[in-house]
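For reference, the chains in residue letters:
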Amino acid sequence: MKMTEENNDGNSTITMEDVQSLIKKKDTIEEQIKAYYDVLEDQEVGMEGPLVDAEGFPRADVNVYQIRTTRHSISCLQNDHKAIMVEIEEALHRLHALEKAKREQDQAESQTESMEQEVTLPSPFARVDAVSQGSPACQAGLRISDEIIAFGSINTGNFQNLQNIASVVQHSEGKPLNVTVIRNGQKTQMGLTPQRWSGRGLLGCNIVPIHR
């Protein structure tokens, strides 16, 4: 079975292909054992049937040499079968251990990435506290409790009051605006196009400032 060394401690990786290769070998051994048992069945002696007659002479009604050779082959193959079953069990244990370790590593990396992102995210300057169904804001994917860190040309550094956002909206009717929010600790970007709709205003949402 092909193995790939991971480090100098002797640990090696194993793949599902390796396990499937072992299972294929097991199946081949089982087929060979069955074929040899068919030979014994044809001779009507099995693994334990006597090969000598009542007087102690080799039986003349069976092929004694073939039976002895077949029985020996079966014994060897049964030992091989036991060994391959142990290999398969060990390989499955190692494969599951590697998969578990990879899942834990992926989770740890995801948590680290999330923490790093939280640290580097700019402070929001406004929050969405209402979104009307069917409105431009709703269609863009804006949600209640989204914290805004960028709204078109407005960002944390230049935001002064909600009039800044209102001015950008009025001058951008029919034009998509890049909006970036913090949602569940993650940065989310979307395109919001201010436009007339069946409700009030050009957005269909209510935005309130966040006082730091």
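Before reading on, note that the structure itself is shown above.
Residues numbered from 1 in each chain as written. Predicted model: local features only at pLDDT ≥ 70, side-chain atom pairs only at ≥ 80, totals over all residues. Heavy atoms only, no water.

A.B. asks: A description of the overall build of the protein chain should follow, citing residues and the corresponding values.
C.D. replies: The number of helices and strands found in the protein chain is four helices and eight strands. Secondary structure elements in the protein chain, listed N-terminal to C-terminal, are β-β-α-α-β-α-β-β-α-β-β-β. Expected size for 212 residues packed as a compact globule is a radius of gyration near 17 Å; at 37 Å, the protein chain overshoots this value by more than 25%. Looking at the protein chain residue by residue over its 212 residues, the buried ones come to 30%. For the protein chain, the proportion of contacts with a sequence separation of at least 24, taken over those separated by at least 6, is 61%. About 14,200 Å² of surface is accessible on the protein chain, with carbon and sulfur atoms providing 48% of the total. Looking at charge distribution, the protein chain has the averaged site of its 21 positive side-chain charges lying 12 Å from that of its 31 negative ones. (Helix = DSSP H or I, 4+ residues; strand = E, 2+ residues; numbered from the N terminus. Rg over C-alpha atoms; globule rule 2.2 N^0.38 Å. Buried < 20%, exposed > 50% of the residue type's maximum accessible area, 1.4 Å probe, protein only. Contact = heavy atoms within 4.5 Å. Areas by Shrake-Rupley, 256 points an atom, 1.4 Å probe, with all protein chains shown as cover. Lys, Arg positive; Asp, Glu negative; His and termini not counted. Charge placed at Lys NZ, Arg CZ, Asp CG, Glu CD.)

A.B. asks: Can you lay out the nonpolar core for me, pointing to particular residues and giving the numbers?
C.D. replies: Ranked by internal contacts, the top residues of the largest apolar core, which has 22 residues, are Phe125, Leu142, Ile148, Phe151 and Ile207. Other than its neighbours up to four places away in sequence, Ile148 contacts Pro124, Phe125, Ala126, Val128, Thr180, Val181 and Ile207. Core analysis: the second largest hydrophobic core is formed by ten residues, Ile14, Leu22, Ile29 and Leu95 among them. (Core = buried A, V, L, I, M, F, W, Y, C linked by side-chain atoms within 4.5 Å.)

A.B. asks: Talk me through the environment of Ala35; I want residue IDs and the actual numbers.
C.D. replies: Within the element layout of this structure, Ala35 appears in helix α1 (residues 16-43). Taking the C-alpha atoms as reference points, Ala35 and Glu89, 54 residues apart in sequence, are found 25 Å from one another.

A.B. asks: Talk me through helix α4 (residues 162-170); I want residue IDs and the actual numbers.
C.D. replies: Asn164, Ile165, Val168 and Val169 are the residues of α4 that are buried. The buried side chains of α4 occupy one side of the element, clustering within an arc of 135 degrees when seen end-on. In α4, the exposed residues that point more than 90 degrees away from the buried face are Gln163 and Gln170. Contact partners of the buried residues in α4: β4 (147-151), β5 (154-155), β6 (177-183) and β8 (205-209). The N-cap residue of α4 is Asn161: its side-chain oxygen and the backbone nitrogen of Gln163 are 3.0 Å apart. (Arc of directions from axis to C-beta. Polar contact = N/O pair within 3.5 Å; in protein donor to acceptor, adjacent residues only side chain to side chain.)

A.B. asks: Can you lay out the layout of surface pockets for me, pointing to particular residues and giving the numbers?
C.D. replies: Space inside the largest pocket adds up to approximately 310 Å³. What lines the largest pocket is a set of 14 residues, among which Ala166, Val169, Leu203, Cys205 and Ile207 lie closest to the centre. Looking at the lining of the largest pocket, the elements that each hand over two or more residues are α4 and β8. Broken down by element, the lining of the largest pocket gets its largest block of residues, five residues, from α4. A per-class count over the lining of the largest pocket returns eight nonpolar, five polar and one charged. (1 Å grid on protein atoms, 1.4 Å probe; cavity = no way out; pocket = protein on both sides within 12 Å on 5 of 7 lines; lining within 4 Å. Points joined across faces, edges and corners; volume = space filled by probe spheres on them. Nonpolar A, V, L, I, M, F, W, Y, C, P; charged D, E, K, R; others polar.)

A.B. asks: Quick rundown of the pairing of β6? Include the residues and the values.
C.D. replies: Of all seven residues in β6, six are buried, a share of seventy percent or more. By the bridge criterion, four bridges tie β4 to β6 in an arrangement that is antiparallel. Paired with Phe151 across the strands is Val179, a residue of β6. Across seven bridges, the pairing between β6 and strand β7 (residues 186-192) is antiparallel. (Pairing = 2+ DSSP bridges.)

A.B. asks: Summarise the packing of aromatic side chains; cite the residues concerned and give the values.
C.D. replies: Taken as a whole and judged by the stated rule, the model has one aromatic pair. Between the aromatic rings of Phe125 and Phe159, the centroid separation amounts to 4.6 Å while the plane-to-plane angle is 25 degrees, which identifies the pairing as stacked. One end of the pair, Phe125, is in the loop between α2 (64-120) and β3 (126-131); the other, Phe159, is in the loop between β5 and α4, and 34 residues separate them in sequence. You can call Phe159 buried: its relative accessible area is 17%. (Phe/Tyr/Trp six-rings, centres within 6.5 Å; stacked < 30°, edge-to-face > 60°.)

A.B. asks: Any details on the environment of Gly201? Residues and values, ideally.
C.D. replies: The residue Gly201 is located in the loop between β7 and β8 in this model. The exposure class assigned to Gly201 is partly exposed, which follows from its relative accessible area of 46%.

A.B. asks: Could you give me a rundown of the pattern of salt bridges, with the residues and numbers involved?
C.D. replies: Applying the stated criterion across every chain yields a total of seven salt bridges. Between Lys26 and Glu30 there is a salt bridge, with its nearest N and O atoms 3.2 Å apart. Highlighted residues: Lys26 and Glu30, both in helix α1, separated by four residues, approximately one helical turn. Its relative accessible area of 14% is what places Lys26 among the buried residues. (Salt bridge = Lys/Arg side-chain N within 4 Å of Asp/Glu carboxyl O.)

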